[in-house]
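Residue-level structure breakdown
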Amino acid sequence: MSSFDLIIENGMVVTASDRFIASIGIRDGKIVQIGDKLEGADRVIDARGRYVMPGGIDSHVHISQPQGPGIEMADDFESGTLSALFGGNTTVLPFCLQERGQPLRETLKAYHDLAEGKCYTDVSFHLIINDPTDAVLGQDLPALIEDGYSSLKVFMTYEDLRLSDGEILKTLDVARKSGATVMIHCENEDAIRFLIDKHELEGNVAPRAHASTRSVAVEREATHRAISLAEIAEVPIVIVHVSNGEARDEITRARQRGLKITGETCPQYLTLTADDLEGMDWEGAKFVCSPPPRDEKEQEECWIGIENGTFDLFSSDHCPFRYNDERGKLNPKGKTNFRHIPNGIPGVEMRMPILFSKGVLTGRVEPERFVALTATNHAKTYGLYPQKGTIAIGSDADIAIWDPEVSRTVRHADLHDASDYTPYEGMEINGWPTTVVLGGKVVIDEGKLTGEKGQGQYRKAAARKVS
Ligand code: URP
Ligand code: ZN
Ligand code: ZN
Ligand code: ZN
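Anyway, here's the lowdown on the structure attached to this text. The residue numbering used here restarts from 1 in each chain and proceeds along that chain's sequence as written. Here every chain gets a letter starting at A, and every ligand a number starting at 1, in the order they are written. Local features are withheld for residues below a pLDDT of 70 in this predicted model, meaning they are given only at 70 or higher, and side-chain atom pairs are given and counted only at 80 or more; totals for whole chains, interfaces and linings count all residues.

Notes on the environment of Gly 55
- Mapped onto the elements of the fold, Gly 55 is located in the loop between strand E5 (51-54) and strand E6 (56-61).
- Along the primary structure Gly 55 and Ile 399 are separated by 344 residues, whereas in three dimensions their C-alpha atoms are 4.3 Å apart.
- Those residues in contact with Gly 55 that lie beyond four places of it in its chain are Gly 88, Asn 89, Thr 90, Thr 91, Ala 375, Asp 398, Ile 399, Ala 400, Val 436 and Leu 438. A run of H or I in DSSP becomes a helix once it reaches four residues, and a run of E becomes a strand once it reaches two; helices and strands are each numbered from the N terminus. Throughout, a residue-residue contact means that the two C-beta atoms, derived from backbone geometry, are no farther apart than 7 Å.

Notes on the site of ligand 1
- With respect to spatial proximity, the complete set of residues near ligand 1 consists of His 62, His 185, His 241, Cys 289, Ser 290, Asp 317, Cys 319, Asn 343 and Gly 344.
- Looking at the shell around ligand 1 residue by residue, the classes come out as two nonpolar, six polar and one charged. Whether a residue is near a molecule or strand depends on its C-beta atom, placed from the backbone, lying within 6 Å of it. When residue character is reported, Ala, Val, Leu, Ile, Met, Phe, Trp, Tyr, Cys and Pro are called nonpolar, Asp, Glu, Lys and Arg charged, and the others, Gly included, polar.

Quick notes on the packing of helix H11 (residues 351-360) against helix H12 (residues 367-381)
- Two elements in contact, H11 and H12, have axes whose closest approach is 11 Å; the angle formed by their N-to-C orientations is 155°. In terms of their interaxial angle, H11 and H12 are classed as roughly antiparallel. For the crossing formed where H11 meets H12, the hand is right-handed. The segment H11 lies against H12, with Met 352, Leu 355, Phe 356, Gly 359 and Val 360 engaging Pro 367, Phe 370, Leu 373 and Thr 374.
- Each residue belonging to the contact of H11 with H12 can be placed in one class, and the counts come to seven nonpolar, two polar and no charged. To obtain an axis, a line is fitted to C-alpha atoms, over the contacting stretch when the element is a helix, and the angle between two such axes runs from 0 to 180 degrees between their N-to-C directions. Oblique is the label for every angle not falling under 35 degrees (roughly parallel), over 145 degrees (roughly antiparallel), or within 65 to 115 degrees (roughly perpendicular). By definition, turning the near helix anticlockwise from the far helix through less than a right angle yields a left-handed crossing, and turning it clockwise yields a right-handed one.

So, unusual backbone geometry
- For the bond running from Ser 290 to Pro 291, omega is -10°, close enough to zero to count as cis.
- Among the structural elements, Pro 291 can be located in the loop between helix H9 (268-271) and helix H10 (296-307).
- With an omega of 5°, the peptide bond running from Tyr 385 to Pro 386 counts as cis.
- Take Pro 386: it is sitting in the loop between H12 and strand E15 (399-409).
- Its identity is not glycine, yet Asp 28 carries a phi of approximately 50°, on the positive side.

Pasting the structure below:
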């Protein structure tokens, strides 16, 4: 009998704090030894010249989440997690959207049923609190947090999702008492409504207007307010999908005041601009997300936030739709008025290759920081560390081996999501995760799928310690 099921040797092992050439010994799904030279395995992978990194954790993805009447997301748990896996991820954290009037246990059951037997990566859920009644906040939510569903998202925008400031405060109070982690989508809905009405009166209804009605001020104001609400409720929060320098600076200032605010940004804010929303017949619609991509100056501000540590999390906000066939089930009014275009773009497979290519290989982002931004900090923020997010003895053997020599031109035809386009079509990418190990099993082997549907497990997440 071999000592190990798998050895990965000669690679540059990278964690959030160190890099070193070593052999990793894996047995029964866990990392059991890290050493100079290990012997005796059923299989040995020679990772010479490659980076051996923790599998990515994408803590912001939308899968099978209804998006308004009749509008379905392109990805279910099968295609969404397959796409994630090919992008070097071994865990994703999708959202379970509470319908109005729905008990949270029912919400969770519905998403567990959708995910059961389908996943290629491990999965852990966030709850979206859409109906914070006394029963939900008083009983259901605390019980679920205790039971390992310890993160939730609240929205300050979207007519059918937004909570009032009072509702957000009450939700934050539950999080303070129970140790849940709250993600906040920061855009001022009343300001957006005002700007949409104004744009409509002027006949300005093309997709590009989506970006103008969700301006930097709209995001900055709500970011400031969310931080103030967290300060009042005395609880840490995560500001998700930050798109610009002004919102970023709200986080910086809050931290200087001693508040625990975590910032997240996404690849679209480093690479796309509002000009990508130009174009009718769904072409501009394919770049509609909230907050919208800005301009080159704000792209640079987001890079600075990545470099200076304001952003701890780099997530995809994968939220895929189909535009070119009837399976997309879009509201046809979206063709003539941007307010009916669903918000969200696909990106779970491209998240890490974009940051690796444009950050690590250009020297802007140290490999250790890449690991922190794409894996370790996600595990720490959402209660999965140290089982997930690092290469250490006792951690799950979730590993991505990155080949910096692989160069690819992005083509949607080569990706694995069920959307029908990628906003990154034609982008030149250097470096790719060519081999992926999930729970000790080689599930992508030199670019070929060797794993199977259903291999991913559900992972409960521990709440923060509360004093
Ligand atoms: O446009 C976006 N971001 N759609 C996904 C939902 C959200 O707000 O994260
Ligand atoms: Zn959001
Ligand atoms: Zn999102
Ligand atoms: Zn395609």
